[in-house]
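Residue-level structure breakdown
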Amino acid sequence: MAPPVAMESQGTAPPNSFSNQGETGGDGGSQKFRVTVVGSGNWGSVAAKLIASNAFKLTSFYDEVRMWVFEETLPSGEKLTDVINRTNENVKYLPGIKLGRNVIADPDLDNAVRDANMLVFVTPHQFMEGICKRLAGKLKQGVEAISLVKGMEVKMEGPCMISSLISEQLKVNCCVLMGANIANEIAVEKFSEATVGYRVNKEIAEKWVQLFNTSYFMVTPVQDVEGVELCGTLKNVVALAAGFVDGLEMGNNTKAAIMRIGLREMRALSKLLFSSVKDSTFFESCGVADLITTCLGGRNRKVAEAFAKNGGKRSFNELEAEMLQGQKLQGVSTAREVYEVLSYRGWLELFPLFATVHEICIGKLPPTAIVEYSEHKPNFSLVEGSAQFF
Ligand SMILES: NC(=O)c1ccc[n+]([C@@H]2O[C@H](COP(=O)([O-])OP(=O)(O)OC[C@H]3O[C@@H](n4cnc5c(N)ncnc54)[C@H](O)[C@@H]3O)[C@@H](O)[C@H]2O)c1
Ligand SMILES: O=P(O)(O)OC[C@H](O)CO
């Protein structure tokens with residue numbers, strides 16, 4: 001069960017609006033977009049910075065960008081929202097980076113989304129169900145959404161991608177944006193690429209590209225929501241495997257082998273779950289590029305390395321709290337969710353890497369099992385016709 005979203009402490013009310021809010025350039029009768037970012041962690045804050053720079057420049061967006069903050073009290077006794085609005089920095093999740101003075105932090109979720117017609121969801125995936133329940137029936141007509149959330153929920157009937165959760169619960173169209181995007185690197189404007197996945201409406205995908213694209217952040221739209229989202233979700237499981245290999249000091253060849261096998265399982269599972277998923281998506285930033293960056297420099301890799309170095313004796317929860325200071329890993333819960341899907345469908349033996357990662361995370365297998373799993377060869381006969389996916 002996903003944890004419920006806690007009620008926010010209201011703290012000090014955020015400014016009502018960005019003071020230089022203007023109709024920059026006027027809207028000339030065409031629709032003008034007001035953007036809210038739901039989430040303010042490491043990536044959420046960088047996303048707000050990217051969006052704010054474009055919203056300020058482009059006439060089709062209102063200057064002000066609201067950013068919903070899950071309120072917390074800092075060691076200084078101040079509310080995080082107040083400090084963000086005073087300093088223009090998310091001192092906890094993205095210290096040292098100015099977000100843009102048109103970013104307004106808001107601890108009140110309902111208030112933050114009230115006037116928006118473009119919603120950007122970017123929280124750890126385990127909080128999304130609670131957030132959607134809170135927002136159901138409260139959005140303006142015609143809102144467009146995009147999910148930057150890497151993860152999924154598992155229901156009785158099978159996996160539910162976060163974009164589907166948003167679409168179904170909030171009755172909105174939802175695109176996704178995924179890619180090789182370590183937030184701290186984009187925050188200091190090092191060049192990255194990203195992929196927008198859309199379902200049918202290319203025009204709205206182009207609008208999202210306009211909102212995110214900068215000289216150092218190059219965004220490409222592809223018509224494959226599930227493919228893009230599954231790449232972003234499943235790579236976090238492979239990142240744990242890469243971290244185990246690093247912790248065991250197995251070297252680069254082993255790590256490359258794990259990444260190759262991981263990519264193969266990512267593609268196979270995505271295509272088994274959604275026959276519409278395109279092979280070409282795995283060659284976009286959301287695919288192989290995200291897999292590489294996450295296995296080299298991501299948080300899942302880093303904490304999994306520490307887990308393996310400790311021989312699995314310290315739990316992921318403990319290591320996460322100690323090493324990430326409030327940031328959240330997505331890989332461990334995703335590995336469990338993937339395992340549930342594989343068990344339910346009778347596919348465990350087809351996906352030995354995914355299955356092994358989960359069994360290591362829960363202590364059923366030692367970290368060294370990550371290089372031993374290949375003894376269990378995938379059994380293609382389990383799922384009729386599945387061999388084509390590997
Ligand atoms: N950080 C990155 O480099 C990066 C890059 C690309 C994608 N992502 C993805 O973006 C998503 C968001 O990650 P992030 O890095 O912005 O977050 P994060 O891990 O840095 O921060 C955790 C966030 O969760 C919030 N939170 C804690 N408890 C909560 C609750 N009960 N309800 C709601 N929110 C709560 C915290 O306030 C904080 O904003 C994830 O799916 C992640 O995989 C992250
Ligand atoms: O730090 P991680 O492991 O959550 O990965 C961050 C991003 O998803 C990389 O694109």
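Residue numbers run consecutively from 1 along every chain, following the written order of its sequence. Working convention: letters from A go to chains and numbers from 1 go to ligands, in the order in which they are written. Totals for whole chains, interfaces and linings use every residue, but because this is a predicted model, local features are given only for residues with pLDDT of at least 70 and side-chain atom pairs only at 80 or more, for both listing and counting. To obtain the side-chain values, all non-hydrogen atoms of the structure were included, while hydrogens and water were left out.

1. As for the packing of aromatic side chains
What counts here: Working definition: rings of Phe, Tyr and Trp (its six-membered ring) pair if their centres are within 6.5 Å, and the pair is stacked with planes under 30 degrees apart, edge-to-face with planes over 60 apart, and tilted otherwise. Starting at the N terminus, helices and strands are each numbered in turn, a helix being any DSSP run of H or I of at least four residues and a strand any DSSP run of E of at least two. The buried label applies to any residue whose accessible area, calculated with a 1.4 Å probe on protein chains only, is under 20% of its type's maximum; exposed applies above 50%, and partly exposed to all values in between.
Taken as a whole, this structure holds seven aromatic pairs when the rule is applied. Relative to F307, the ring of F244 lies with its centre 5.8 Å away and its plane at 45°, an arrangement referred to as tilted. On the criterion of sequence distance, the pair formed by F244 in helix α8 (residues 225-247) and F307 in helix α11 (residues 299-309) is long-range, its members being 63 residues apart. Residue classification places F244 among the buried positions, given a relative accessible area of 0%.

2. Concerning the site of ligand 1
Spelled out, the test is: Distances are taken per atom, and a residue is near a molecule or strand as soon as one of its heavy atoms is within 4 Å of it. Counted as a polar contact is a pair of N or O atoms within 3.5 Å, where, for protein atoms, one must be capable of donating a hydrogen and the other of accepting one, and residues adjacent in sequence contribute only when both atoms are in side chains.
In the region of ligand 1, 24 residues are neighbours, and N42, K150, N181, A183 and K328 sit closest. Contact distances for ligand 1 include 3.2 Å between an oxygen atom and a backbone N or O atom of G41. In this structure, G44 approaches ligand 1 through a main-chain N or O atom, which is 3.0 Å from an oxygen atom. Counting residues per element, the shell around ligand 1 draws most heavily on helix α1 (residues 42-57), which supplies three residues.

3. Re the site of ligand 2
The cut-off we apply is this: We get accessible surface area from the Shrake-Rupley algorithm with a probe of 1.4 Å; when it comes to residues, only the shown protein chains can shield them. The residue classification treats Ala, Val, Leu, Ile, Met, Phe, Trp, Tyr, Cys and Pro as nonpolar and Asp, Glu, Lys and Arg as charged. All others, Gly included, are polar.
Around ligand 2 sit K150, G179, A180, N181, I182, K235, D290, T294, G298, R299 and N300, and those are all the residues in its vicinity. Between an oxygen atom of ligand 2 and a side-chain N or O atom of K150, the distance comes to 2.8 Å. G179 places a main-chain nitrogen or oxygen 3.0 Å from an oxygen atom of ligand 2. In the complex, the protein chains occlude 91% of the 310 Å² of accessible area that ligand 2 would expose alone. Those elements that provide at least two residues to the shell around ligand 2 are α10 (285-297) and α11. Residue classes in the shell around ligand 2 are distributed as two nonpolar, five polar and four charged.

4. Description of the environment of N117
Defined as follows: Whether two residues are in contact is decided by their heavy atoms: any pair within 4.5 Å suffices.
By secondary structure assignment, the location of N117 is in the loop between α3 (109-113) and β4 (118-121). N117 has contacts with Q31, K32, F33, R34, G142, V143 and E144, leaving out every residue within four places of it along the chain. Separated by 3.2 Å, the side chain of N117 and the backbone oxygen of K32 make a polar contact.

5. Structural notes on the environment of V120
Looking at the element boundaries, V120 is found in strand β4. Along the sequence, V120 and T36 sit 84 residues apart, while their C-alpha atoms lie 6.2 Å from each other. Residue contacts for V120: discarding those within four places in its chain leaves V35, T36, V37, V38, I51, I146, L148, W208 and F212.

6. Re the UniProt feature "binding site: NAD(+)" (unreviewed entry) in the chain
Counted only if it meets this: UniProt positions are given in the numbering used here, feature names are shortened, and annotations may be inferred rather than shown by experiment.
UniProt feature "binding site: NAD(+)" (unreviewed entry): in the numbering of this structure it lies at G39, S40, G41, N42, W43, G44, F70, F127, A183, R299, K328 and Q330. Tracing the chain through its elements places R299 in helix α11. A residue is classified by how much of its surface remains accessible, and R299, at 35% relative accessible area, is partly exposed. Dropping the residues within four chain positions of it, R299 is found in contact with N42, L324, Q327, K328 and L329. Tracing the chain through its elements places K328 in the loop between α12 (316-324) and α13 (331-345). If near-sequence neighbours (up to four positions away) are discounted, K328 is found in contact with P124, Q126, F127, R299 and E320.

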